[in-house]
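Summary of the model geometry
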Amino acid sequence: MKTLKIYFPESGLIQVLLVAFVLISLYSCKFDKKQNENDQIEIEKDGNIEIITEVMEFKTLDTILSGWNTFNYINKSDETHFFLMDKYPEGKTIEDTEKEIAPPFQNGMDLINEGKPEEGFAEFNKLPAWFSEIVFVGGSGLVSPKNSSLTTINLEPGYYIMECYVKMANGKFHSTMGMTKQIIVTDDDSGNSPPEAAVNITISSTEGIVYDKPIIKGLQTFSVHFKDQIAHENFVGHDVNLVKTGKNMELEGLEKWMNWADPKGLISPAPDGFTFLGGVNEMPAGSTGYFTVTLEPGNYVMISEVPNPLSKNMMITFEVSE
Ligand SMILES: [Cu+2]
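Below you will find a few notes about this structure.

Calculation rules
- In this numbering scheme, every chain counts its residues from 1 along its sequence in written order.
- The predicted nature of this model means local features are confined to residues of pLDDT at least 70 and side-chain atom pairs, given and counted, to a pLDDT of 80 or more, with totals for whole chains, interfaces and linings taken over all residues.
- Side-chain measures here rest on the full set of heavy atoms in the structure, leaving out hydrogens and waters.
- Only DSSP runs of H or I covering at least 4 residues are called helices, and only runs of E covering at least 2 are called strands; the numbering of each starts at the N terminus.
- We call two residues in contact when some of their heavy atoms are within 4.5 Å.
- In this description, accessible areas are obtained by the Shrake-Rupley approach with a 1.4 Å probe, and a residue is regarded as covered only by the protein chains that are shown.
- In this scheme, strands are said to pair when DSSP sees at least two bridges between them.
- Axis lines are fitted through C-alpha atoms, for helices just across the contact stretch, and the angle between N-to-C directions can take any value from 0 to 180 degrees.
- Here the nonpolar core consists of buried residues drawn from Ala, Val, Leu, Ile, Met, Phe, Trp, Tyr and Cys, with membership extended through side-chain atoms lying within 4.5 Å.
- Only protein chains enter the accessibility calculation, which uses a 1.4 Å probe. A residue is then buried if its area is under 20% of the maximum for its type, exposed if over 50%, and partly exposed in between.
- A 2.8 Å cut-off from the metal defines N, O and S donors, relaxed to 3.2 Å for Na, K and Ca; water is not in the atom list, so some sites may appear incomplete.
- For four-coordinate sites, all angles between 85 and 135 degrees define a tetrahedron; for four- and six-coordinate sites, opposite donors beyond 155 degrees with the remaining angles between 65 and 115 define square planar and octahedral shapes respectively, and all other cases count as irregular.
- The term polar contact refers here to a pair of N or O atoms within 3.5 Å; inside protein, the definition further demands a hydrogen-donor-capable atom paired with an acceptor-capable atom, and it admits residues adjacent in sequence only when both atoms are side-chain atoms.
- Consider a residue and the seven residues that end there alongside the seven that start there; fitting an axis to each set, the bend is the angle between those axes.
- What counts as a salt bridge is simple: a side-chain nitrogen of Lys or Arg found within 4 Å of a carboxyl oxygen of Asp or Glu.
- What counts as a ring pair is set by centres within 6.5 Å for rings of Phe, Tyr and Trp (its six-membered ring), and what kind of pair is set by the plane angle: stacked under 30 degrees, edge-to-face over 60, tilted for all other angles.

**What about the overall build of the chain?**
Scanning the chain from N- to C-terminus turns up four helices and 15 strands. The contacts of the chain with a sequence gap of at least 6 include a subset with a gap of at least 24, amounting to 71%. Element-wise, carbon and sulfur atoms account for 55% of the exposed surface of the chain, whose accessible area totals about 16400 Å².

And the structure:
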């Protein structure tokens, strides 16, 4: 902790009192704001849990029930975000993340951005051993500004960090800038059942993204089954993001943007002409998550947040007709 030495002239006492007054006011302001933030968040009538991003933060419940939960992620900000639930090993908390995980990732990314990819990737070797014990158990896909997404996942009791690692225009991860939130999942079960899916998607490292029925317009629920899970070249596992595109859009820009380890990847602003509508973020092999979305007629892409998704059959296009 740094100690500030302040020299007070004759009117020192008044200044000290003024400083103290300002500090107390600031503290109570902050406290009031926090109270209000939590007041805004609610469990909706249908049991969905709201997550709101106004700028680059998660406003949601601090404690939730285990079992099946549906999250309504509302992105009111001007940037693209997602939420991913990281289940932490026993005894590790957000303080450990800030000390031991965020620095190697950000230093590595900064070096990659400076054109030193080898040194950058070497930074990732400094991640603590317990990093490999974090389990990524799903969340939304990417959600464009002023959009929302509905994602249903099953959560075991435990300590979780909700995070988003999209990058700001200056290359800093949203998570480094504080877009993380600790959430406790209790032993009490929600008692919810998973939704019924109209279309079943399977994703795997061997076959990519496949689905079993024609996709039609209107309100649709998709199941996403993770037949396997691997760490791709950029360390993350595969996931499913639904994207609406203009007609005859060039998809190369989107494909390249999906890789966070690319200096131009997963960085604000997202490429023009694509609207991210959520999906299901990475989950362990054998897991199933769900997302529910209203589909207007038009052209869509389902894509994974990995390097070269096209070559892995993790970038597939489809059309929804009138
Ligand atoms: Cu974000």
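Here the narrative resumes.
**With respect to the sheet that holds strand β11 (residues 240-245)**
Read from one edge to the other, the open sheet built from four strands follows the order β12-β11-β14-β15, with strand pairing classed as antiparallel. Two strands in the sheet have a free side with no partner beyond their single neighbour: β12 (274-280) and β15 (315-320). The mean inter-strand angle of the sheet, taken between neighbouring strand axes irrespective of direction, is 25°. Relative to strand β14 (residues 298-303), β11 is paired through five bridges, and the arrangement is antiparallel. Bridging from a neighbouring strand, V243 pairs with V301 of β14.

**Quick word on the nonpolar core**
Counting residues in hydrophobic clusters, the biggest one holds 77 residues, and the most contacted among them are M85, L155, L242, W260, F291 and M302. Beyond its immediate chain neighbours, meaning those up to four positions away, M302 contacts I201, I209, Y211, I215, V240, N241, L242, M314, M315, I316 and F318.

**Let's talk about the coordination of the copper ion**
Around the copper ion, the protein contributes the donor atoms H81 (ND1), C164 (SG), H174 (ND1) and M179 (SD), at 2.0 to 2.7 Å from the metal centre. Around the copper ion, the four donor atoms are arranged such that angles at the metal cover 84 to 135°; this shape is classified as irregular. Mapped onto the sequence, the residues coordinating the copper ion show the spacing H-x82-C-x9-H-x4-M. In this pair, H81 is assigned in the loop between β2 (63-75) and β3 (84-87) and M179 in the loop between β6 (158-163) and β7 (180-189), connecting sequence segments 98 residues apart.

**Notes on the side chain of T292**
Relative to the assigned elements, T292 resides in strand β13 (residues 288-295). A distance of 2.8 Å separates polar atoms of two side chains, one belonging to T292 and the other to T221. Sequence-distant contacts of T292, that is, excluding residues within four places in its chain, are made with L150, L219, Q220 and T221.

**Digging into the pairing of β6**
Buried residues dominate β6, accounting for five of its six residues. Relative to β6, β3 runs antiparallel, the two being bridged by four bridges. In the strand pairing of β6, K87 is matched with Y160.

**Structural notes on helix α2 (residues 94-113)**
At A102, α2 shows its maximal kink, close to 40°; a proline, P103, follows between one and four residues later. Every buried residue of α2 is listed here: I94, D96, T97, I101, P104, F105, Q106, G108, M109, D110, L111 and I112. Phi turns positive, to about 85°, at G115, one or two residues after α2.

**Quick notes on the pattern of salt bridges**
Tallying each qualifying case throughout the model produces 10 salt bridges. Among the ionic pairs, K146 bridges to D78, the shortest N-O distance being 3.1 Å. Highlighted residues: K146 in the loop between β4 (135-139) and β5 (147-155) and D78 in the loop between β2 and β3, separated in sequence by 68 residues. For the pair K146 and D78, a shared accessibility class is recorded, and that class is exposed. Across the salt bridge formed by E123 and K126, the nearest N and O atoms sit 2.6 Å from each other.

**Structural notes on the packing of aromatic side chains**
Evaluated as defined, the whole model comprises 20 aromatic pairs. Seen from their ring centres, F82 and Y165 are 4.9 Å apart, and the 80° between their planes marks the pair as edge-to-face. Here the residue F82 occupies a position in the loop between β2 and β3, and Y165 occupies one in the loop between β6 and β7, the gap between them amounting to 83 residues. Residue F82 is classed as buried on the basis of its relative accessible area, which comes to 0%. Judged by centre distance (5.4 Å) and plane angle (40°), the ring pair of F105 and F124 falls under tilted. With a gap of 19 residues between them, F105 in helix α2 and F124 in the loop between α3 (117-123) and β4 connect regions that are remote in the sequence. Put simply, the rings of F105, F121, F124, F131, F173, F235 and W260 pair up and form one aromatic cluster.

**Points about the environment of I184**
Structurally, the position occupied by I184 is in strand β7. In the structure, I184 is positioned 121 residues away from T63 in sequence and 4.7 Å away in space, judged by C-alpha atoms. Sequence-distant contacts of I184, that is, excluding residues within four places in its chain, are made with D62, T63, I64, G158 and Y159.

**Let's talk about the pairing of β4**
Among the five residues of β4, four are classified as buried, and the element is accordingly described as predominantly covered. As defined by bridge partners, β3 adjoins β4 across three bridges and the pair is classed as antiparallel. Each bridged residue has a counterpart across the sheet, and for K87 the counterpart in β4 is V135.

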